[in-house]
Amino acid sequence: LQEVRRHLQQSTQHRPDWHKAWHAWGQFNFEWAAYLERQGTTASSSSGLDTVEGAVVTAIGAFFKAISLAPQPSLRDTLRLLTLWFK
């Protein structure tokens, strides 16, 4: 998972204008936050992504970026963003 996380994050750095990279990064963090929540992970860590809050904040930012760059409105990203917003 650490390698997948690293590659997805790097894809947003290499192609910052590509909405699919931001969607994938947001989706990963959305699922990661759900996993951490199920595990009851609440301890903070240095990376920030190892907490539910850190993953949620990262996913929200990624979905905002994906929505703003997408050529057509993305209902899926918008719904995920709203789900996270109310978390």
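Above this text sits the structure in question.
Residues numbered from 1 in each chain as written. Predicted model: local features only at pLDDT ≥ 70, side-chain atom pairs only at ≥ 80, totals over all residues. Heavy atoms only, no water.

1. Digging into the environment of Glu53
By the secondary structure assignment, Glu53 is in helix α3 (residues 52-69). Of the residues examined, Glu53 reaches a relative accessible area of 53% and is grouped as exposed. Placed 20 residues apart in sequence, Glu53 and Ala33 show a C-alpha to C-alpha distance of 7.5 Å. (Helix = DSSP H or I, 4+ residues; strand = E, 2+ residues; numbered from the N terminus. Buried < 20%, exposed > 50% of the residue type's maximum accessible area, 1.4 Å probe, protein only.)

2. Describing the side chain of Asp77
Examined against the element boundaries, Asp77 turns out to sit in helix α4 (residues 75-86). Those residues in contact with Asp77 that lie beyond four places of it in its chain are His23, Phe63, Ala66 and Ile67. (Contact = heavy atoms within 4.5 Å.)

3. Digging into the environment of Trp22
You can see Trp22 is positioned in helix α2 (residues 19-39). For Trp22, a relative accessible area of 16% corresponds to the buried category. Distance from Trp22 to Phe63, taken between C-alpha atoms, is 6.6 Å for residues 41 residues apart in sequence. In contact with Trp22, not counting residues within four places along its chain, are Thr12, Arg15, Pro16, Ala62, Lys65, Ala66 and Leu69.

4. Let's talk about the nonpolar core
If you look at the biggest cluster of nonpolar residues, it comprises 18 residues, and the most contacted ones within it are Trp25, Val56, Phe63 and Leu84. For this core, the secondary-structure elements that each account for two or more residues are α2, α3 and α4. For this core, the leading source of residues is α3, giving eight residues. Those residues in contact with Phe63 that lie beyond four places of it in its chain are His23, Gly26, Gln27, Phe30, Asp77, Arg80, Leu81 and Leu84. (Core = buried A, V, L, I, M, F, W, Y, C linked by side-chain atoms within 4.5 Å.)

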